Amino acid sequence: MMDLKALLQALVKAQVEFIVVGGVSASAHGSARSTSDLDVVYRRTPDNIAKLAAILKPFHPYLRGAPPGLPFLWDGDAIRRGLNFTLTTDLGDLDLLGELTGGGTYERLFPFSAPVRIAGADCRCLGLEKLIEVKRAAGRPKDLEVIAELEALREERDRQGP
Amino acid sequence: MGYRLPMPTCRARLADSGIVVYGELRGKIRLNQFLGRSGAGVEHCLRGDNEFVNEKPMPEVALDPDPVIEAYKKDVDRTLLRENLKLTPEQRVEKLIAFQRFLEEWREAGRRAFR
């Protein structure tokens, strides 16, 4: 069961520095497509990694698609040694990205993000232009329809004006 | 293309990039050891060096009209987009959450019905 609201609120309450990207970000811009996970780019500072490890631990993060029973240890060291994690948690699927394909790190994406209130939580969301750019840069065939919708969205938004 | 980190003892190929990376194993069984052992889930991994990440140049992206994307664009239902644009970002995400709940109820009903 996806509890997007609780997941976002937990990250915000723990003061984790992150940027919402992917499907939830597209939704915030007006996309009509559904998504089944939350994608965030997190800042890879020791302090932020520690917060991320601590806040997610009670929700039993585990590698999505991995067989059950593996001795997977979720802590700051695991995050530091890894980069991008596709996780299941008690609150739903979460993609934690240290680097976004075609977009880079939190620091690189930050200037292209804006504060937005999502699901009762004040967080940062990647801008529409950058979202289109990173989707294009990723070059995945499955994203072509998504890019088409995002570009149509931009056209509609620009047509309406401020 | 290969990048070598200090004390290499395992390696993994990044899912989409073709980049081979090397990491170290020590102490308890950890994520990278699981990946090195099973060969699974390489998309989860694995560049444990933040400086390395920051050094990677970003690819240049052409944002000119793409004929394939333009072709897909013709089938986009813009009436849905126009309705969504009338909402605030928070309302749009609330709508997504409501739809996710609805889908979850349907899945559960399906599980019960076709068990």
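Here the structure is shown first, and the text comes after it.
Bear in mind the structure is a predicted one, so any value in this text is a computation, not a measurement. (Residues numbered from 1 in each chain as written. Chains lettered and ligands numbered in written order. Predicted model: local features only at pLDDT ≥ 70, side-chain atom pairs only at ≥ 80, totals over all residues.)

J.: What is the right way to look at the pairing of strand β7 (residues 121-126) of chain A in this model?
T.: One face of the sheet, then the other: side chains in a regular strand alternate in exactly this way. Residues and elements named next belong to chain A. Within β7, five of the six residues are buried, which leaves it mostly tucked inside the rest of the structure. Inspection of the sheet shows strand β1 (residues 18-21) paired to β7 by two bridges, in the parallel sense. Note on β7: the bridge partner recorded for Ile 19 is Arg 124. Pairing geometry for strand β6 (residues 113-118) and β7, over six bridges, is antiparallel. Bridging from a neighbouring strand, Val 116 pairs with Cys 123 of β7. In this structure, the hairpin formed by β6 and β7 is closed by a connection of two residues, where Ala 119 is found at a positive phi of approximately 50°. (Buried ≥ 20, exposed ≤ 12 C-beta atoms within 10 Å, placed from the backbone. Helix = DSSP H or I, 4+ residues; strand = E, 2+ residues; numbered from the N terminus. Pairing = 2+ DSSP bridges.)

J.: Explain unusual backbone geometry to me, please; I cannot follow it from the model alone.
T.: With glycine set apart, most residues show a phi of negative sign, and most peptide bonds adopt trans. All names here are of chain A. Positioned with a positive phi, Gln 15 is a non-glycine residue whose angle comes to about 60°. With respect to the helices and strands, Gln 15 occurs in the loop between α1 (4-13) and β1. Its 10 C-beta neighbours within 10 Å are what place Gln 15 among the exposed residues. Backbone geometry places Ala 119, a non-glycine residue, at a positive phi of 50°. Within the secondary structure, Ala 119 is located in the loop between β6 and β7.

J.: For this particular structure, what's the right way to read the packing of helix α7 (residues 144-160) of chain A against helix α4 (residues 78-85) of chain B?
T.: Packed helices, taken two at a time, are described by their axes: the angle between them and the distance between them. Between α7(A) and α4(B), the shortest axis-to-axis distance is 10 Å and the interhelical angle comes to 55°. Taken together, the axes of α7(A) and α4(B) lie oblique to each other. In this structure, the crossing between α7(A) and α4(B) has a hand that is right-handed. Packed against α7(A), whose contacting residues are Ala152(A), Leu153(A), Glu156(A), Arg157(A) and Gln160(A), the element α4(B) presents Arg78(B), Leu81(B), Arg82(B) and Leu85(B) at the interface. A breakdown of the residues in the contact of α7(A) with α4(B) according to their chemical character gives four nonpolar, one polar and four charged. (Axes fitted to C-alpha atoms, helices over the stretch in contact; angles between N-to-C directions. Parallel < 35°, antiparallel > 145°, perpendicular 65-115°, else oblique. Left-handed = near helix turned anticlockwise from the far one by under 90°. Contact = placed C-beta atoms within 7 Å. Nonpolar A, V, L, I, M, F, W, Y, C, P; charged D, E, K, R; others polar.)

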